[in-house]
Structure formats: structure tokens, C-alpha cells
Amino acid sequence: MGNREMEELIPLVNRLQDAFSALGQSCLLELPQIAVVGGQSAGKSSVLENFVGRDFLPRGSGIVTRRPLVLQLVTSKAEYAEFLHCKGKKFTDFDEVRHEIEVETDRVTGMNKGISSVPINLRVYSPHVLNLTLIDLPGITKVPVGDQPPDIEYQIREMIMQFITRENCLILAVTPANTDLANSDALKLAKEVDPQGLRTIGVITKLDLMDEGTDARDVLENKLLPLRRGYIGVVNRSQKDIDGKKDIKAAMLAERKFFLSHPAYRHIADRMGTPHLQKVLNQQLTNHIRDTLPNFRNKLQGQLLSIEHEVEAYKNFKPEDPTRKTKALLQMVQQFAVDFEKRIEGSGDQVDTLELSGGAKINRIFHERFPFEIVKMEFNEKELRREISYAIKNIHGIRTGLFTPDMAFEAIVKKQIVKLKGPSLKSVDLVIQELINTVKKCTKKLANFPRLCEETERIVANHIREREGKTKDQVLLLIDIQVSYINTNHEDFIGFANAQQRSSQVHKKNTIGNQVIRKGWLTISNIGIMKGGSKGYWFVLTAESLSWYKDDEVSHGLFMRMEEGVGGLVVMILHNQIKLFKFCSACYSLQ
């Protein structure tokens, strides 16, 4: 690509930018561009005015830039400005340019210092500029002023992120030198979207305002917080110079003199200053456009093919044909049904990563919210004991009872079961609300047909409301069924019969256990029950005891109770050999 063709890249992108802005499609394609980011009073406006060589940006206290300004600089013999919203009108007086920016800003944002993401497109033709396109974004602020909304900081941050998150956008991070670089809002935002520093260009302003004995040499030499594209230092006009209408050309000469005479910046003076910054931005934007143009062209061609397919589909379309209308209506209704089913079943092609919705939220209501509502029910143990006491006494009347009457038990239990109605009906309400929210999300695709969208929402919502009444009746019926009969023979019910059954099962389980049975000879010294020497016995070893039997009759029994986890040793003679038996509750073998 020749130098002439390279020079035409930026004007080409400018024409594309104007075309998309006029169509309202600027967000569909990521055009290569440079976004200027920085805090309030960081010097962004002064840098842009130095590029143009004219005072044309609004000035004042608080937030001044309240809409993105797409500034297109074009090399030309004549000097004038044009706005995209004022086609055909040339502005030669740059005070009028400033006034037009203020009026156009107020037209969209109002007079209450609000902000808007709708850009203002300004093109400046001048012999003193290089081909360059910059987007001046509102300064990062912390505290709302005037009638600004309380979340103004969040709004500005979201607007800036809309631009700098795009891979085709270079970030011009402007930071004043008289503040700590580690606290730079611009570099912080750039670091979030460009952690490797591949798309970020650092600009350090107000170098002349640093405290005596300090300098930004390490920053400008790219040693402190390195960026792949480095840092460039500039010296802008002070507020006093601006109020005194100091000529920008004189300010540029003073800037050049500052870098040449300063001992910390003298060795890098040729890489500092506004002219060098403008030249670097021109080169980097040109190279960036050249590198991203192939992918951009592929995206553009893909969208063109998609639009051509749509045009082909509607080529023979006759709006008055009733069959076409019916077919389109059925397709949209069917698509709504498919989208609704996908959101409930969880098989949708678009997965929400920010919050639960649809079937996932309903699942959460059933498995988390409903149990929580049950646990949250007010339970006063003291009051419950008082109710039980009163119920028992009232049933016994003048008599003093020996056993707890069944009627008292049922009266108390039924009263507790009835309390389930509240959480159950509340869960039904939550599910119904989520179903209606899902319907509204699914009808967004019908936004181009307001009446169809409204009727679809109404019909489906009415059907859900009808089923809501029947669902609540069914829930109340189930609770009434539980109240009408209490099954005390259920396995989870701790009653007398069940307790006795469980006790026998536990006893049986404990007595059977795992066993090891062997036949051998036993001799135990110093015990009178083994008179006559060794004898043959059947040995039964379990986790809790060691017993022996002679043939099928119990001749003598030695019961050795072992506590769980404690082992024991028994000396035996099996087949004329001395054996050590070690057994415990976790070991069922003879050794």
C-alpha cells in the first residue's frame, strides 16, 4: 500500500463514520478510532484545541463535555468546520463552533447538566492539522453537581466503556502530571479493557505544574507503568492564558522551550510536545486502520450478504396479500411460543450471565425460596407449649388424665399444618410473576408490531392468571387433605409402634453383626473352667464378643465385651500352635 493510499485511510473511515451516524447504525460496526479518556480538568480539551490551533470547545466549571464529540481533522488549504447535523453550512468563526456544540448538547441532554451517548460529529478542515479522528468523551466525575442524577459517575463510566471496550478503538489516556499516576482514572479504565496495554497511548499533561524538585521522567521513559505504545508529555495553556486569549501558536513555542530547557526532559524533547503527539496519533491510527481493515471488511461483507438475503426474501412481497399477513402472523406467534419454551426449559441459544430468569428462577423458588419461607415462619416454643397444655386440659375436662389424648395432638398438629398455606401461596405468586416477566421478554421481538405485542401479552397473561386460581385451589386442597387425616403409622412418625419396631430392628442389627467362625483348640492358663488341658471348640468372633461352643452345645462361654474402637488380645492354641487374636469393632478376622 503506497503512501498516498495510506493517507486516504483516515478520510475513508471518516466517510464511513458519517454514513453510519446518519443512518443511526454507528454501533453495529466497530470502526477504527481513538477515544480520549480522562478525568475532569485533566487537559483533554486543551490537547484537542492545540491540535486544531483554535479555541472551539466549551469551557467552564464542572462537567462541560456531556456528549461524545467525534472530531475529524482533515488536512486542507482552507480553514473551516462542518457539523454533520448542519449539512452544507461552513463555520469559519470558531466561536460559533463552540456555541453550536453547546446548543446541540443542550438540545439532547437538556439544561440540567445531564449526559447523552448520542455523538456530535464535527469535521475541521485546516492546513495546520494532520488527518486524524478523535472521540472526546465526558470527563470522569465522582460527585453530581446541579441537577445531575446521583448515579452520574456510573453513567459516564458506562458511556466510556461503550467505546473503549471495542477492539478497534485506541485509548488516549490523559493524566495530569501533578497527580499520582497510580490514581489515574483514565489508566484504571484502560487497564480494565486493555490489561496488556496494547491499545493504550498515555498522555501526561501539566508537566509545568509539578512541585519543584519532582518530575515525571520515569513515566515518560515508560518505566513506571509501561504501555506498549508509550507516553507523551505535553504542556497546555493555563486557565490564566485561556482567559487572557493567549495565542495557541505562542503556547506551542513555550511548550517547545519548556522541554528543551528542562534538565529532566531535555534528552527526550524530540519525543515530547503537542506536534509530536499529533504526528504519532496520525501514524498509529493509520497503521491501526490498515491492520484492522481486513476483519472490518469481512464483517461489512457479511452484513451486506445478510441484508441481500432479506431483500431477496421480500422482493416479491405484497403487503396487501392476506396470505402473506397470515403466514407472517403465524410465524411470529410460533416464534414466541418457541422462545417461551426455551426460557422455561433452559435450552435457549442466548444465556443470561447477569441474573437468573425463566425456568432457572422458578427452580430457585421451589428449592430455595419455598424452604426459606417455611423456616422463616414464626415459631414461639413457649407459646406452643402453652397451647399444648391448654388443649390437653380442655379435652380432659374435670378429669385428670394419665395419657396424652389423640384429640389434643391432632388439634395442635392441624394448626401447624395450616400455617403452610402462607408460604405455599406466596411461592405460587412468585412463579406467576416470573412467568409474566418471561412473557414480556419473549414479546420484545414483536416490538415492530405494537398491537400484536400488546394482544399477545394480554392473552397469555390472562391464561396464566386463570391457571393461577386453579393452582392455588389445588395447593389449598392438598393442605386440607393433610389436615383431614394424620397418618401416625408413617415411617417418619415417631410413635409407639414405630419406636418399638425400630428398637427391635436396632437390637437385631447389633446382635447379628459380622462373624468369624473357626474350629480349634483353646487353653487359657490360670482359669478353672478349662480343667484337663486343651479341648476342641467352635470359636465365634464378633465385633463385641468372643464365644466358644463344644460341638453344637454351649459347654462354656466366655463373653468379652469390647468397647467400640478398643482392641483386645486373646492367647489361643489352635492345632498345637500359639495364636494371638486381635479384634475390635472394625476388624472381623482371626489372625
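You'll find the structure just up there.
A quick note: this is a predicted structure, and the numbers were derived from the prediction, not measured.

### Side note on the overall build of the protein chain
Phase 1 of the analysis: Counting its regular elements, the protein chain contains 17 helices and 13 strands.
Phase 2 of the analysis: A separation of at least 24 residues holds for 68% of the contacts in the protein chain among residues at least 6 apart in sequence.
Phase 3 of the analysis: Entry remark: accessible area of the protein chain is about 36,500 Å², with carbon and sulfur atoms responsible for 53%.

### Here we look at the side chain of Arg98
Phase 1 of the analysis: Among the structural elements, Arg98 can be located in helix H4 (residues 94-109).
Phase 2 of the analysis: Relative accessible area serves as the criterion here: at 17%, Arg98 is assigned to the buried category.
Phase 3 of the analysis: A polar side-chain atom of Arg98 sits 3.3 Å from the main-chain carbonyl oxygen of Leu57.
Phase 4 of the analysis: Ignoring any residue separated from it by four or fewer positions in sequence, one finds Arg98 in contact with Asp55, Phe56, Leu57 and Pro58.

### Thoughts on the nonpolar core
Phase 1 of the analysis: Counting residues in hydrophobic clusters, the biggest one holds 41 residues, and the most contacted among them are Phe51, Val97, Leu122, Leu277 and Leu281.
Phase 2 of the analysis: With 6 residues, the top contributor of residues to this core is helix H10 (residues 274-313).
Phase 3 of the analysis: In this structure Leu277 touches Val47, Phe51, Leu172, Val203, Ile232 and Val234, once residues within four positions along its chain are discounted.
Phase 4 of the analysis: By size, the runner-up hydrophobic cluster in this structure holds 40 residues, among which are Val70, Ala177, Ala190 and Val193.

### Digging into the sheet that holds strand E2 (residues 69-75)
Phase 1 of the analysis: With mixed pairing, the 8 strands of this open sheet are ordered in space as E3-E4-E2-E5-E1-E6-E7-E8. Of all the strands in the sheet, the pair left with one neighbour each is strand E3 (80-83) and strand E8 (231-233). Taken pair by pair, the neighbouring strands of this sheet meet at an average axis angle of 25 degrees, ignoring direction.
Phase 2 of the analysis: Relative to E8, strand E7 (residues 200-205) runs parallel, the two being bridged by 3 bridges. Across the sheet, the residue bridging to Val203 is Ile232, located in E8.

### Examining the packing of aromatic side chains
Phase 1 of the analysis: In total, this model carries 7 aromatic pairs according to the counting rule given.
Phase 2 of the analysis: Taking the centre distance of 4.6 Å and the plane angle of 20 degrees together, the rings of Tyr80 and Tyr125 count as stacked. Separated by 45 residues along the polypeptide, Tyr80 in strand E3 and Tyr125 in strand E4 (residues 120-126) bring together distant segments of the chain. Comparing Tyr80 with Tyr125, the two get one shared label, buried.
Phase 3 of the analysis: When the ring of Phe258 is compared with that of Phe259, the centres are 5.4 Å apart and the planes differ by 75 degrees; the resulting orientation is edge-to-face. With respect to burial, Phe258 and Phe259 carry one shared label: buried.
Phase 4 of the analysis: Its end group placed over the ring of Phe163, Arg166 keeps NZ or CZ at 5.2 Å from the ring centre.

### Concerning the packing of helix H5 (residues 152-164) against helix H6 (residues 185-193)
Phase 1 of the analysis: Two elements in contact, H5 and H6, have axes whose closest approach is 11 Å; the angle formed by their N-to-C orientations is 50 degrees. Judged by the angle between their axes, H5 and H6 are oblique. Our pair here, H5 against H6, has a crossing hand that is right-handed. Contacts between H5 and H6 involve Arg157, Ile160, Met161 and Ile164 on the former and, on the latter, Leu189, Glu192 and Val193.
Phase 2 of the analysis: Its residues assigned to classes, the contact of H5 with H6 comprises 5 nonpolar, no polar and 2 charged.

### Overview of the pattern of salt bridges
Phase 1 of the analysis: Counting across every chain of the model gives 20 salt bridges.
Phase 2 of the analysis: The partner of Arg98 in a salt bridge is Asp95, with the nearest N and O atoms 3.1 Å apart. Of this pair, Arg98 and Asp95 are both found in helix H4, 3 residues apart, which corresponds to roughly one turn of the helix.
Phase 3 of the analysis: According to the relative accessible area criterion, Asp95 is partly exposed, its value standing at 44%.
Phase 4 of the analysis: The partner of Arg465 in a salt bridge is Glu468, and the shortest N-O contact between them spans 3.1 Å. Of this pair, Arg465 and Glu468 both sit in helix H16 (residues 450-484), separated by 3 residues, roughly a single helical turn.
Phase 5 of the analysis: Exposure remark for Glu468: the relative accessible area of 12% places this residue in the buried category.

Criteria and thresholds
Residues numbered from 1 in each chain as written. Predicted model: local features only at pLDDT ≥ 70, side-chain atom pairs only at ≥ 80, totals over all residues. Heavy atoms only, no water. Helix = DSSP H or I, 4+ residues; strand = E, 2+ residues; numbered from the N terminus. Contact = heavy atoms within 4.5 Å. Areas by Shrake-Rupley, 256 points an atom, 1.4 Å probe, with all protein chains shown as cover. Buried < 20%, exposed > 50% of the residue type's maximum accessible area, 1.4 Å probe, protein only. Polar contact = N/O pair within 3.5 Å; in protein donor to acceptor, adjacent residues only side chain to side chain. Core = buried A, V, L, I, M, F, W, Y, C linked by side-chain atoms within 4.5 Å. Pairing = 2+ DSSP bridges. Axes fitted to C-alpha atoms, helices over the stretch in contact; angles between N-to-C directions. Phe/Tyr/Trp six-rings, centres within 6.5 Å; stacked < 30°, edge-to-face > 60°. Lys NZ or Arg CZ within 6 Å of the ring centre and 35° of its normal. Parallel < 35°, antiparallel > 145°, perpendicular 65-115°, else oblique. Left-handed = near helix turned anticlockwise from the far one by under 90°. Nonpolar A, V, L, I, M, F, W, Y, C, P; charged D, E, K, R; others polar. Salt bridge = Lys/Arg side-chain N within 4 Å of Asp/Glu carboxyl O.

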